[in-house]
Amino acid sequence: MTESTMFNELAIALNDQIQAVNPVAYEMLSALGKRIYFPSKGILSQSAEARTLAKKFNATIGTALSNHQAMCLPCVMDSLPGFSPNDALLYAPSYGQKPLREAWKAKILHDNPSLADVPFSLPVVTNGLSQALSLAGDLFLDPGDSILIPNMVWDNYLLNYSERLQANLNFFPFFLQSHLNTEAFAEALSGYSAGQKVFVILNFPNNPTGYTPLETEAQALADALLKTAERGVKVVALIDDAYYGLFFDPACQQESLFCKIAGKSRNLMAIKADAATKECYVWGLRVGFLSFAIGGAEADSPLFTALEAKTAGLIRATVSNCSALSQKIIAKALTSGKFYEQRAENVAIMHERCNAVMETLAAHPEYGEFFVAYPFNSGYFMCLKILKTTAPKLRRVLLDRYATGGIAMGETDLRLAFSCVEKEQIPELFETIYLACKDLS
Ligand SMILES: Cc1ncc(COP(=O)(O)O)c(C=O)c1O
């Protein structure tokens, strides 16, 4: 039996759709990515058909209705003023609610004007950005596949891609002194030969460092990816835009790196993973998105429809669909007319905190005996390189003697989230770290 004869006919149809537009995109898919499909002919399609035709009795859906409304408990609805039971409680489609998907795409275009003429898919709604990242892995990674990532990353990538999906992680050094090590990135990519696949993950503003590339550095990253794709390497580039918009230096790139690579090569699958989580300050609502672009796929390409269907199929198989209430809340916020203004107000607060960190460090050269900051200009975090003790020891002393928490990343780095410290408290936070370092010396 060949691989494709084992596939469900719906998967075969989606795979044909992808291959007809760009066969390389199909080759990039994992075994699961090739196998998965959206069950458009099962319960869901029968329910959809009944919604239009079964005017007398519609006994298809696994929800409880009364007078055409979601049956509800008033003690639940008491917490949801402003929402009807239907809006708040019914299931969302596995793809996500269309008005939200469209509103998020409009937001992406508003924030990234250079995408205006670039074809990319309609974002699929995911359960937060974490699920968007794992879906991208499910679609494009088999055990043993190679991932290229910076040596300073969000630790959940390791759990997701190394432990869960058994991919091989290759790290490149993120910084060379005070700038992004774009040379090391290009060199690492040059190690892949034509025909091989590489899955690259880049996240800016970066967790844990709080660094976003300057425009020239961003261009160097994009050029390296495109050059690699043009050599015949199958490049899957996952751009994690978790902290998009929190840019505190006008010299750093203001658009997503996705813009510089989307649709630029038939060998480069650009994936944008983003979320309402940090951008809309709604961490627990769990609303994320996944969008795709690749050379050869025009606007509304069947390739996009197929990738969206495969993503929705994975969602259907795992969490079925994401919170309808959360989706309604975000769609309402995005279309409220107040979103951009209110977002800017919060960005200004975070900017002040970032400035306070920079000013504190500049005002205290004596801190340099014990710690120095890695470059930072954006996002939630900054990282200290600890010089005379280890980060885990310092973390312990900070907690036990000073009631102060930071995250030890490996032996040398301490991550500090200035996002959750008031501006006025920032000088004392660093003085506290200095005192703890002195205790340990
Ligand atoms: C770089 C990065 N990506 C993704 C996420 C996940 O976001 P979410 O809470 O939407 O799953 C985080 C959260 O901390 C993050 O720091």
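Treat the numbers as computed from the prediction; the structure is a model and nothing was measured.

Enquirer: Outline the environment of Leu189, listing residues and values.
Expert: Inspection of the secondary structure assignment puts Leu189 in helix 10 (residues 182–190). Leu189 gets classed as buried once you count the C-beta atoms within 10 Å, which come to 21. Along the chain, Leu189 and Ala417 lie 228 residues apart, while their C-alpha atoms are 31 Å from each other.

Enquirer: Explain the sheet that holds strand 4 (residues 146–150) to me, using residue names and the numbers behind them.
Expert: Reading across from one edge, 3-11-10-9-8-4-5 is the order of the seven strands in this open sheet, with mixed pairing throughout. With one partner strand each, in any of the chains shown, strand 3 (124–126) and strand 5 (168–172) form the two edges of the open sheet. If you compare each strand with its neighbour and ignore which way they point, the axes differ by 25 degrees on average. Of the pairings in the sheet, the one linking strand 8 (residues 197–203) to strand 9 (residues 234–240) comprises seven bridges and is parallel in character. Bridge pairing in strand 9 links Phe199 to Val236. Relative to strand 5, helix 10 is tilted by about 145 degrees, and along the sheet it contacts strand 4, strand 5 and strand 8. Docked against the sheet, helix 11 (residues 215–230) engages strand 8, strand 9 and strand 10 (268–275), running at close to 155 degrees with respect to strand 9.

Enquirer: Give a detailed account of the packing of helix 10 against helix 11, specifying residues and quantitative values.
Expert: A packed helix pair is summarised by two numbers, namely the angle formed by the two axes and the spacing between the axes. Their axes nearest at 9 Å, the elements helix 10 and helix 11 cross at an angle of 5 degrees. When the axes of helix 10 and helix 11 are compared, the pair comes out roughly parallel. Contacts between helix 10 and helix 11 pair Thr182, Phe185, Ala186 and Leu189 from the former with Glu217, Ala220, Leu221, Ala224 and Thr228 from the latter. Of the residues in the contact of helix 10 with helix 11, the class split is six nonpolar, two polar and one charged.

Enquirer: Break down the site of the ligand for me, citing the residues and quoting the values.
Expert: In the vicinity of the ligand, the residues found are Gly128, Leu129, Ser130, Trp154, Asn203, Asn207, Asp240, Ala242, Ala275, Thr277, Trp283 and Gly288. Of all the elements, helix 8 (residues 128–140) adds the most residues to the shell around the ligand, at three residues. Taken together, the residues of the shell around the ligand break down into five nonpolar, six polar and one charged.

Calculation notes
- Residues numbered from 1 in each chain as written.
- Predicted model: local features only at pLDDT ≥ 70, side-chain atom pairs only at ≥ 80, totals over all residues.
- Helix = DSSP H or I, 4+ residues; strand = E, 2+ residues; numbered from the N terminus.
- Buried ≥ 20, exposed ≤ 12 C-beta atoms within 10 Å, placed from the backbone.
- Pairing = 2+ DSSP bridges.
- Axes fitted to C-alpha atoms, helices over the stretch in contact; angles between N-to-C directions.
- Contact = placed C-beta atoms within 7 Å.
- Parallel < 35°, antiparallel > 145°, perpendicular 65-115°, else oblique.
- Nonpolar A, V, L, I, M, F, W, Y, C, P; charged D, E, K, R; others polar.
- Near = placed C-beta within 6 Å.

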